[in-house]
Amino acid sequence: MTQITANGITLEYEDYGNPGDPPVLLVMGLGAQLTLWPIELVEALVARGFRVIRYDNRDIGLSHKLDGVKAPGVLKLMLLGRLGLTPRVPYTLADMAADGVGLLDALGIEKAHVVGASMGGMIAQHIAFTYPERVLSLTSIMSTTGNRRLPAAQKQAIEVLTKRPVSDDEEVLIAHGMKIARTIGSPGYPPDEARLRANVTAGVRRSYYPEGLSRQLAAILADGDRRARLKGVTAPTLVIHGEDDPLVPFPGGKDTAASIPGATLRSFPGMGHDLPLELVEPIADAIAGHTRLAAAA
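All figures in this text were calculated on a predicted structure; none of them were measured in a lab.

Analysis parameters
- Residues numbered from 1 in each chain as written.
- Predicted model: local features only at pLDDT ≥ 70, side-chain atom pairs only at ≥ 80, totals over all residues.
- Heavy atoms only, no water.
- Buried < 20%, exposed > 50% of the residue type's maximum accessible area, 1.4 Å probe, protein only.
- Helix = DSSP H or I, 4+ residues; strand = E, 2+ residues; numbered from the N terminus.
- Arc of directions from axis to C-beta.
- Contact = heavy atoms within 4.5 Å.
- Salt bridge = Lys/Arg side-chain N within 4 Å of Asp/Glu carboxyl O.
- Phe/Tyr/Trp six-rings, centres within 6.5 Å; stacked < 30°, edge-to-face > 60°.
- Lys NZ or Arg CZ within 6 Å of the ring centre and 35° of its normal.
- Axes fitted to C-alpha atoms, helices over the stretch in contact; angles between N-to-C directions.
- Parallel < 35°, antiparallel > 145°, perpendicular 65-115°, else oblique.
- Left-handed = near helix turned anticlockwise from the far one by under 90°.
- Nonpolar A, V, L, I, M, F, W, Y, C, P; charged D, E, K, R; others polar.
- Core = buried A, V, L, I, M, F, W, Y, C linked by side-chain atoms within 4.5 Å.
- Pairing = 2+ DSSP bridges.
- Right-handed = clockwise from strand over helix to strand, strands pointing away.

Draft legend 1. Broad picture of helix α1 (residues 39-47). Along α1, the positions that sit buried rather than exposed are Leu41, Val42, Ala44 and Leu45. On an axial view of α1, the arc spanned by its buried residues comes to 160°, and they lie on one face. Where α1 is buried, its residues meet β2 (9-16), β3 (23-27), β4 (51-55) and α11 (280-296). Positive phi appears at Gly49, one or two residues downstream of α1, with a value of about 95°.

Draft legend 2. Structural view of the pattern of salt bridges. Inspection of the entire model under this criterion finds 16 salt bridges. Measuring nitrogen to oxygen at the nearest pair gives 2.6 Å for the salt bridge that ties Arg51 to Asp15. Note that Arg51 is positioned in strand β4 and Asp15 in strand β2, a separation of 36 residues in sequence. Assessed through its relative accessible area of 11%, Arg51 is described here as buried. Judged by relative accessible area, Asp15 falls into the partly exposed class, the value being 35%. The residue Asp56 makes a salt bridge to Arg206 at a minimum N-O spacing of 2.9 Å. In this pair, Asp56 is assigned in the loop between β4 and α2 (74-82) and Arg206 in helix α7 (residues 193-206), connecting sequence segments 150 residues apart. Classification of Asp56 as buried rests on a relative accessible area of 0%.

Draft legend 3. Examining the packing of aromatic side chains more closely. Under the counting rule described, the total for this entry stands at zero aromatic pairs. The ring of Tyr91 has Arg58 sitting right over it, with the charged end atom 5.0 Å from the ring centre. For the cation-ring pair, Lys65 lies above Tyr209, with the distance from its terminal atom to the ring centre recorded as 5.5 Å.

Draft legend 4. Spotlight on the packing of helix α5 (residues 155-162) against helix α6 (residues 170-184). It is at 9 Å that the axes of α5 and α6 come closest, and there the two elements cross at 160°. Between α5 and α6, the angle falls in the class roughly antiparallel. With respect to the hand of their crossing, α5 and α6 are arranged in left-handed fashion. Between α5 and α6, the contacting residues are Gln156, Ala157, Val160 and Leu161 on the first element and His176, Lys179, Ile180, Thr183 and Ile184 on the second. Partitioned by chemical class, the residues of the contact of α5 with α6 number five nonpolar, three polar and one charged.

Draft legend 5. Main features of the nonpolar core. Membership of the largest hydrophobic core comes to 46 residues, with the highest contact counts inside it found for Leu25, Leu93, Leu103, Ile123, Ile127 and Val233. Per element, the largest residue contribution to this core is seven residues, and it comes from helix α4 (residues 119-130). In this structure, Ile127 is in contact with Leu25, Ala97, Val101, Val114, Pro132 and Val135, ignoring residues within four places of it in sequence. The next biggest cluster of nonpolar side chains, apart from the first, holds 27 residues, and it includes Val42, Ala117, Leu238 and Ile283.

Draft legend 6. Examining the pairing of strand β6 (residues 135-141) more closely. Along β6, six of the seven residues are buried, which leaves the element largely enclosed by surrounding structure. Where strand β5 (residues 112-117) lies against β6, six bridges are found, and the strand directions are parallel. If you follow His113 over to β6, its bridge partner there is Ser137. Each parallel crossover has a hand, and for β5 linked through α4 to β6 it is right-handed.

Draft legend 7. A look at the packing of α1 against α11. Between α1 and α11, whose axes approach to 9 Å, the crossing angle comes to 40°. As far as their axial angle goes, α11 and α1 are oblique. Like other packed secondary-structure pairs, α1 and α11 cross with a definite hand, here right-handed. Between α1 and α11, the contacting residues are Glu40, Leu41, Ala44 and Leu45 on the first element and Val280, Glu281, Ile283, Ala284 and Ile287 on the second. Residue composition of the contact of α1 with α11, by class: seven nonpolar, no polar and two charged.

What follows is the structure, given as structure tokens:
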């Protein structure tokens, strides 16, 4: 385990590549451990000359957990949001962004290329508009703006993600995790079943902590519409999105790119709400090309 104190909490992280290379901070999504960043993508970025850091957000994996802290229910959060009221939640996406910046501080990194996926994209957006001096470039993957007029997630995607397994038996948890991956994953790139099972099993054995998901979801729902704040992003921005994403539909990526001045949108047909092995090289190329353009700007 590699842990560090950042923003007053303990964060689990992994650091790859040459410390002298340009740093890339990978921020993962809702209820997802750092291991959801495929090691193949990490290695592909290292091979392209980057120092790559991936970490567990608070309340997931091996990082700090807020045991016993209750979050408001989803229906209450949605109702308050429609009324224009800001609910009280255990922590916010802004707090989680401060965690990421705190990790950079603890590692002695002044600036980084920030890459976030799903909720991690929202956190990365917060880092970009709150700490612009720390961001060399922003890449927002399969994320969105909080615009309530955008298409909602498909019903089966929401149900599988929020439904609790019937027990904590390891085989039940593995089957549940595999069902989630198949439901929200890329229809154009179905996973190899043996590889999927091995990855899900490793994740279950590393950490199983469903309580954190409700607090992270509360942070997302309480954040509201980020479009006005995204207009202030000055970092060169790349938006990557799957055209067949059932959880955060493709219009969310379009809206993100439209909300950030000068942002570039790169979409992948057949890609859902995951990072399939077949797209590791194209995604690594897209991120590396984007950072080179950012450095030249």
